[in-house]
Amino acid sequence: MGMSIIFAAMMVASITMLIFSAPSSVLGISLDAAASGVQLAITLSAIYIFWMGIVQIAVDSGLVQRLARLMRPVIRWLFGEQREDVNDLLATNISANMIGAGGAATPAAIDAIEKMAEPEQRRASNAMVMLFVLSATSMQLLPTTVIGILDKHNSTNSGWIIWPTFLVSTVTTLLGVLIVKYLGRKRA
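Numbers given for residues are sequential positions, taken from 1 along each chain in its written order. In view of the model being predicted, local features appear only for residues whose pLDDT reaches at least 70, and side-chain atom pairs are presented and counted only at 80 or more, with totals across whole chains, interfaces and linings using the full set of residues. For side-chain calculations, the full set of non-hydrogen atoms in the structure is used, while hydrogens and water are omitted.

For the rest of this paragraph, the subject is the overall build of the chain. Under the scheme used here, helices are H or I runs from DSSP no shorter than 4 residues and strands are E runs no shorter than 2 residues, and both carry numbers assigned from the N terminus. The secondary structure content of the chain amounts to 8 helices and 0 strands. Reading the secondary structure of the chain in the N-to-C direction produces α-α-α-α-α-α-α-α. The quantity called the radius of gyration is restricted to C-alpha atoms. Its globule counterpart is 2.2 Å times the number of residues to the power 0.38. For 188 residues, the compact-globule estimate of 2.2 N^0.38 gives 16 Å, and the chain exceeds it by more than 25% at 21 Å. Its C-alpha atoms put the chain at 65 × 40 × 30 Å along the principal axes. Split into buried and exposed, the 188 residues of the chain put 30% on the buried side. Taken as a whole, the chain presents about 12200 Å² of accessible surface, with 71% of it coming from carbon and sulfur. On the chain, the mean spot of the 13 positive side-chain charges and the mean spot of the 11 negative ones are 10 Å from each other. Under the scheme applied here, a residue whose accessible area is under 20% of the maximum for its type counts as buried, over 50% as exposed, and between as partly exposed, the area being computed with a 1.4 Å probe on protein chains only. Per-residue and other accessible areas follow the Shrake-Rupley method at a 1.4 Å probe size, with only the shown protein chains counted as cover for residues. Positive residues here are Lys and Arg, negative ones are Asp and Glu, while His and the chain termini are left out of the count. By convention, the charge on Lys lies at NZ, on Arg at CZ, on Asp at CG and on Glu at CD.

Okay, the side chain of Thr137 next. One can find Thr137 in helix α6 (residues 126-137). Residue class for Thr137 comes out buried when judged on its relative accessible area of 18%. Pairs of N or O atoms within 3.5 Å make up the polar contacts considered here, provided that, within protein, one atom can donate a hydrogen while the other can accept it, and that residues adjacent in sequence are counted only when both atoms are side-chain atoms. Polar contacts involving the side chain of Thr137 include one to the side chain of Thr173, which spans 3.0 Å. Look past the residues within four positions of Thr137 in its chain and what remains in contact with it is Ser169, Thr172 and Thr173. Any two residues whose heavy atoms approach within 4.5 Å at even a single point are treated as in contact.

Turning our eyes to something else, we now look at a nonpolar patch on the surface. Note on patches: the residues involved have over 30% relative accessible area and no salt bridge, like charges join within 9 Å, and the nonpolar side chains Val, Leu, Ile, Met, Phe, Trp and Tyr join within 5 Å. For this analysis, a salt bridge means a side-chain nitrogen from Lys or Arg found within 4 Å of a carboxyl oxygen belonging to Asp or Glu. A cluster of nonpolar side chains, Phe7, Met11, Ile15, Ile19 and Phe20, forms an exposed patch at the surface whose accessible area comes to about 550 Å². As for its placement among the helices and strands, Phe20 is situated in helix α1 (residues 2-21).

Right, let's get into the confidence of the model for the chain. One rule of thumb: low pLDDT means the predicted coordinates there are not for detailed reading. The quantity known as pLDDT measures the predictor's confidence residue by residue, on a range of 0 to 100. Scored by pLDDT, the chain has a mean of 85; 99% of the residues are at 70 or more. Across the chain, α6 holds the top mean pLDDT of 91, while helix α7 (residues 144-152) sits lowest at 81.

A few words now on helix α3 (residues 63-79). With 17 residues, α3 ought to run about 24 Å at 1.5 Å a step, yet its terminal C-alpha atoms sit only 21 Å apart, falling short of that. The reported bend at a residue is simply the angle between two axes, fitted to the 7 residues ending at it and to the 7 residues beginning with it. A bend of about 65 degrees at Met71 is the largest found in α3, and the proline Pro73 appears one to four places after it. The inward-facing, buried residues of α3 abut α2 (23-61), α4 (84-98), α6 and α8 (162-187). Immediately downstream of α3, the backbone of Gly80 shows phi near 80 degrees, a positive value. Under the convention used throughout, the expected extent of a helix is 1.5 Å for every residue step, that is, one less than its residue count.

And the structure:
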């Protein structure tokens, strides 16, 4: 609550200073910011719609189920024993995150969390925490969303982001998994 009050006060102070120092630019700056926000939202929507369509094709074709069977040892190590439908959702989430389609991965993660939850459960299980951490760190082999945004904004080399993203996301994912595994043992 305190941070929101500080943020609101900073915003009011900034707008007040802008109105008194350059009143003619207030509307122009506001409209430019709104236009940029709408353009970014449209770009991201198009990227997410594309990848969600690809993910849905993978689900409908049975590719996700085959991928879940291939990933079963890793999924079992990460999440423990889960039902088959939960394993499919976990495989979908992990696969979509690995290709940089976090927007397409999120619905699978939400469904998996809901299916993992027990009635009257008051706290997240270790498997739920692991899924949250994997979704947050999102190890990416190919950061397609970022590449799409860079390409949309006329980047001369939108692929330059692949190696740094892979390196950082791999390190954070491994660190997150190790921390969850360690703390999960203490919690149990």
